[in-house]
Amino acid sequence: MKREFRLRKTADFQRVRAGKQSWAHPLLVLYVAPSDVGLTRAGIVVGKRVGGAVVRNRVRRRIREALRLRHADLPPGYDLVFIAREPSARAAWSELRAAVDRLLRRAKLLKQFNS
RNA sequence: CCAGGAGGGAGGGCGACCGCUCGGGCGAAAGCCUGAGAGGAAAGUCCGGACAGCACAGAGCGAGGUGCCCGGCGCAAGCCGGGGUCGGGAGACCGACGGACAGGGCCACAGAGACGGAGUCUGCGCGCGCUGCGCGCAGGGUGAAACGCGGUAACCCCCACCUGCUGCAACCCCAAGCAUGGCCGUCGACGCUGCUCGCCGAGGCCAGGGUAGGGGGCACCUGCCGCGAGGCGGGAAGGGCGCCACUCGGUGCCCUGAGAUAGAUGGUCGCCUGAAACAGAAUCCGGCUUACUCCCCUCCUGGAGCG
RNA sequence: CGGGGUGUAGCGCAGCCUGGUUAGCGCGCGUCGUUCGGGACGACGAGGUCCCCAGUUCAAAUCUGGGCACCCCGA
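Everything numeric here is computed off the predicted structure, so don't read it as measured data.

A. Seen up close, the pattern of salt bridges. Within this structure, the stated rule accounts for 4 salt bridges. Of the charged contacts, one joins Arg15 and Asp79 as a salt bridge, the two residues approaching to 2.7 Å between their closest N and O atoms. Residue Arg15 is located in helix α1 (residues 10–18), and its partner Asp79 is located in strand β4 (residues 78–84); the two are separated by 64 residues in the primary sequence. Relative accessible area serves as the criterion here: at 34%, Arg15 is assigned to the partly exposed category. The residue Arg41 makes a salt bridge to Asp79 at a minimum N-O spacing of 3.0 Å. Of this pair, Arg41 sits in strand β3 (residues 41–46) while Asp79 sits in strand β4, and the two are 38 residues apart along the sequence. Classification of Arg41 by relative accessible area gives buried; the value is 13%. One network of salt bridges, in which partners are shared, links Arg15, Arg41 and Asp79.

B. Structural view of the environment of Ile63. Structurally, the position occupied by Ile63 is in helix α2 (residues 53–70). Judged by its relative accessible area of 0%, Ile63 falls in the buried class. Between the C-alpha atoms of Ile63 and Leu96, which are 33 residues apart in sequence, the distance is 7.0 Å.

C. Fine view of the confidence of the model for chain A. In the predicted model, chain A carries a mean pLDDT of 82, and the fraction of residues at 70 or more is 92%. Mean pLDDT across the elements of chain A bottoms out in α1 (78) and peaks in strand β1 (residues 22–24) (89). With pTM at 0.76, the complex prediction returns an ipTM value of 0.76.

D. Representation of the pairing of β3. Among the 6 residues that make up β3, 5 are buried, leaving the element largely enclosed by the rest of the structure. Looking at chain direction, β3 and β4 are connected through 6 bridges and run parallel. Paired with Gly43 across the bridge in β4 is Val81. The β-α-β motif built from β3, the intervening α2 and the parallel element β4 has left-handed crossover chirality.

About the cut-offs
- Residues numbered from 1 in each chain as written.
- Chains lettered and ligands numbered in written order.
- Predicted model: local features only at pLDDT ≥ 70, side-chain atom pairs only at ≥ 80, totals over all residues.
- Heavy atoms only, no water.
- Salt bridge = Lys/Arg side-chain N within 4 Å of Asp/Glu carboxyl O.
- Helix = DSSP H or I, 4+ residues; strand = E, 2+ residues; numbered from the N terminus.
- Buried < 20%, exposed > 50% of the residue type's maximum accessible area, 1.4 Å probe, protein only.
- pLDDT = per-residue confidence, 0-100.
- Pairing = 2+ DSSP bridges.
- Right-handed = clockwise from strand over helix to strand, strands pointing away.

Okay, here's the thing in structure tokens:
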């Protein structure tokens with residue numbers, strides 16, 4: 001996922017999380033807010049409770065990869081913030097990918113897919 | 001062969017598909033091609049240095065750190081070599097180290113008594129003004145320790161050596177310009193009013209924090225080949241292992257350099273035998289400590305077997 | 001990344017600097033009393049790896065070193 005599709009600034013994260021549009025899953029939480037930039041931008045938050053630096057990096061990279069596989073199917077103009085919960089450290093790749101898909105569908109950003 | 005001790009090495013490889021950051025080439029652009037891309041501990045942040053800002057005549061005090069002896073490197077911590085004492089082990093080997101006649105403080109409970117002045121019980125001996133007292137010797141009991149000028153400096157302290165304070169979120173620069181301040185041949189209102197002037201508001205110009213934004217700090221120099229990134233060499237710097245000198249040092253070989261900024265170095269598989277553990281750079285370098293895997297090498301100790 | 005702090009009973013804290021006495025206080029908990037019953041009150045009582053591992057010392061919650069967890073501050 002290239003830099004222009006990422007959320008970069010603290011103000012962006014605060015705006016999306018203040019929008020109160022959120023969906024929860026045992027592994028992840030998704031916040032969504034419309035943006036005036038005509039792109040789908042995303043940020044990933046992995047707190048210290050999830051684990052050490054190696055674990056946090058792995059979780060973030062897996063979420064980013066799962067999101068990258070769906071990026072082309074998402075309608076532009078929205079900012080997303082994914083927050084990893086503690087069990088995501090022990091989740092397998094397939095579970096994490098399913099969680100991302102499920103949250104995107106529930107947020108009505110992704111239509112039914114037969115993946 | 002088994003058990004153990006010391007030191008050192010290694011910390012996955014190959015392939016497929018899809019990706020990320022930085023650099024380079026081509027291109028008007030989208031993009032395409034191409035080079036490089038985490039560790040031995042990157043960790044904990046326990047120390048030191050470089051670097052930066054501030055402070056600073058010199059000296060002293062305070063505060064902090066280190067501590068057997070000799071030698072080497074280093075400002076110092078620390079590391080290396082040799083030696084010593086004590087403790088552990090059958091051994092190889094491992095662990096701990098200044099000073100208690102410079103001074104002060106503390107030593108609960110038990111005990112007569114915890115250290116300067118006293119003094120318990122029993123026995124023996126001697127003396128006397130003899131139901132006892134005094135002196136001397138030995139022993140018992142309490143306690144970690146009992147008169148032995150005890151123990152405690154990981155209590156203050158003494159001795160020797162060292163140290164300014166704060167830290168890359170340091171610090172420097174840039175554009176925008178808010179708070180605020182200054183100036184004005186401008187306009188309006190008010191005060192005395194004839195002007196000057198004072199004052200308030202608007203306007204213009206200038207300066208301009210802090211925060212937020214961007215950049216630097218931030219990764220050495222150079223010859224050849226290549227369009228270039230880069231590759232192969234050379235040099236400097238730092239580190240490791242040697243050799244010669246042992247006062248400055250000289251010299252040979254080897255290793256190292258990625259540069260993100262909501263933060264790249266990956267995701268999913270297949271094979272290698274069944275690839276496993278601890279774990280992710282954030283200014284850089286060195287030391288210490290802690291975490292940990294499948295193995296490999298060298299030397300040594302003890303035991304068993306065979307010749 | 002850098003700097004600083006805190007871990008003691010179910011909860012909130014004291015004790016640590018200056019080592020020793022029984023590890024204490026409030027709330028909570030249990031039993032009994034009081035009341036027709038409850039609350040309040042009174043009496044008695046239970047409950048502690050003093051975060052963990054080493055070391056110094058006769059003796060460690062306290063001193064020293066090393067870990068672990070949590071919290072705060074700095075552009």
